Amino acid sequence: MKTTCQVCMHHCALDCGQTGICGVRRNESGVVICKNYGQVTSLALDPIEKKPLRMFYPKSRILSVGSFGCNLKCPFCQNHEISMQRWEVSVSRKDRGSVFMSPQELANKALECKPAGNIGVAFTYNEPLVGWEYVRDAAKLVKASGMKTVLVTNGTASIQVLEEILPYIDAMNIDLKGFQYGYYRKLGGDLDTVKQFIIRAAAGCHIELTTLIVPGENDGQEQMEEEAKWIASIRPQGPSIPLHITRFFPRYHMAGRPATEVSVVYALAEIAGRYLEHVFVGNC
C-alpha cells in the first residue's frame, strides 16, 4: 500500500521500500522516514555573508552544516555532489561521505566554535528541509544554548513543515529562483509553493531572498520587475526585505553555458532597487 509524503509539493506516493524524489524520504512499513537524519556531509565555519545574509549579524561567522538530498533538480546546482545524492540501502555512510552527528553534538560543536566568532548554526549546502526533523531538533538545542539559527532553503516545503521549524529559526535565506511558473517547472518546483513559504516566513523571522540570474532563463527585465513588486507587497517586512541578485557561472549540467554578463546583473539590480530598499549584487 502506498504512503504519501507530505513534506513538499511533490506529494510522492511511495510503495513500501520506495524513496521519494528528494532521495532521502522513504516508506518503511507504511511510515515515511527521513533517512538522512544526522548524516552530515559538510561542516564549516563560514562568514555569515556567504549564506548569503547581509543584514543579519554582519561580519560574524556561523557554523554551516549540510547533509544530502534535494527535492528540486536545478541543472546549475553548485552543491550537486551532495544535493543530488540519494540514500540507498546498498550505499554505506563512508561511500556517501557522511558522518553521524546528533542534534546535541551539533549544538555542542557550535558552542566550541564560539571563541572563533561563531554565532550559531546554519542549515545549508543541500536542501535542509527534506530532512526537516533534524533541523527542528538541532535548532531547538542551538537556541536553548543562546546561539542563533539560520536556514538556507529553496522554500519548497509545505507550510506544515515550516510551522514545525519556524519557532526555532532566527533567519532564513530563501531562493526565489525566478518569477515564472514555467521556469519553476523546469527545475522541478512550484512557484506558488515558494511564494506562500516566503510570505509565512517573513511574518516569523528575518528573511533575505536570492535570485540566481541564468542567461536565457530568468534574466528578463519584466520578470525582475514583477518579482520586486511582489516582494515589496509582502507584509510586514515588504520593501525592506533584502534581495540578492547573483551571477550564474557554468557548472553541473550547464557547464557549457556562458556566465551571466555582469551588466545584466547590475541592470536587473537597478530595476529591483526601484521597489526594494536593499538589493545586493553577488558573484560579480
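These lines cover the structure that appears in this document, whether it is placed above or below. The structure displayed is predicted, hence computed values, not measured ones. (Residues numbered from 1 in each chain as written. Predicted model: local features only at pLDDT ≥ 70, side-chain atom pairs only at ≥ 80, totals over all residues. Heavy atoms only, no water.)

**A short note on the overall build of the chain**
The number of helices and strands found in the chain is nine helices and 14 strands. For the chain, the C-alpha radius of gyration of 18 Å lies close to 19 Å, the compact-globule estimate for 284 residues. Expressed as lengths along the three principal axes of its C-alpha atoms, the size of the chain is roughly 50 × 45 × 35 Å. Sorting the 284 residues of the chain into buried and exposed places 54% on the buried side. (Helix = DSSP H or I, 4+ residues; strand = E, 2+ residues; numbered from the N terminus. Rg over C-alpha atoms; globule rule 2.2 N^0.38 Å. Buried < 20%, exposed > 50% of the residue type's maximum accessible area, 1.4 Å probe, protein only.)

**Let's talk about the environment of Gly97**
As for its placement among the helices and strands, Gly97 is situated in the loop between helix H2 (93-96) and strand E8 (99-100). The class of Gly97 is partly exposed, set by a relative accessible area of 45%. As for Gly97 and Ala202, which are separated by 105 residues in sequence, their C-alpha atoms are 35 Å apart. The contacts of Gly97, once residues within four sequence positions are left out, are Val40 and Thr41. (Contact = heavy atoms within 4.5 Å.)

**Regarding the packing of aromatic side chains**
Throughout the structure, instances matching the rule amount to three aromatic pairs. Look at Phe56 and Tyr57: their rings are 4.9 Å apart centre to centre, the planes differ by 75 degrees, and that puts the pair in the edge-to-face class. Given a relative accessible area of 41%, Tyr57 falls into the partly exposed group. Their ring planes at 45 degrees and their centres at 5.8 Å tell us that Phe179 and Trp230 sit as a pair that is tilted. Linking Phe179 in the loop between strand E11 (171-175) and helix H6 (181-186) with Trp230 in helix H8 (residues 221-233), this pair joins segments that are 51 residues apart in sequence. Overall, Trp230 belongs to the buried group, its relative accessible area being 13%. (Phe/Tyr/Trp six-rings, centres within 6.5 Å; stacked < 30°, edge-to-face > 60°.)

**Observations regarding the packing of H8 against helix H9 (residues 262-272)**
For the pair H8 and H9, the least separation of the axes is 9 Å and the interaxial angle reads 35 degrees. Between H8 and H9 the crossing geometry is right-handed. For the pair formed by H8 and H9, the contact residues are Gln221, Met224, Glu225 and Ala228 on the first element and Ala267, Leu268, Ile271 and Ala272 on the second. Among the residues making up the contact of H8 with H9, the classes are represented as six nonpolar, one polar and one charged. (Axes fitted to C-alpha atoms, helices over the stretch in contact; angles between N-to-C directions. Left-handed = near helix turned anticlockwise from the far one by under 90°. Nonpolar A, V, L, I, M, F, W, Y, C, P; charged D, E, K, R; others polar.)

**Some points on the sheet that holds strand E14 (residues 279-282)**
In space, the eight strands of this open sheet follow the order E6-E7-E9-E10-E11-E12-E13-E14, with mixed pairing throughout. Looking at which strands have only one partner, the edges of the open sheet turn out to be strand E6 (42-47) and E14. Neighbour-to-neighbour, the strand axes of the sheet open up by a mean angle of 20 degrees, direction not taken into account. Both strand E13 (residues 243-247) and E14 contribute to a ladder of four bridges, which runs parallel. Of the residues in E14, the one forming a bridge with Thr246 is Gly282. Relative to the sheet, helix H3 (residues 103-112) contacts E6, strand E7 (61-66) and strand E9 (118-123), its axis offset from that of E9 by approximately 145 degrees. (Pairing = 2+ DSSP bridges.)

**A closer look at the side chain of Thr246**
Along the chain, Thr246 falls in strand E13. When residues no more than four places from it in sequence are discounted, the contact partners of Thr246 are Thr210, Thr211, Leu212, Ile213, Gly282 and Asn283.

**Section: helix H4 (residues 132-144)**
Relative to the 18 Å expected for 13 residues at 1.5 Å per residue, H4 spans 18 Å between its end C-alpha atoms, a close match to the ideal helical length. Two residues or fewer after H4 comes Gly146, characterised by a positive phi angle close to 90 degrees. (Expected span 1.5 Å × (residues − 1).)

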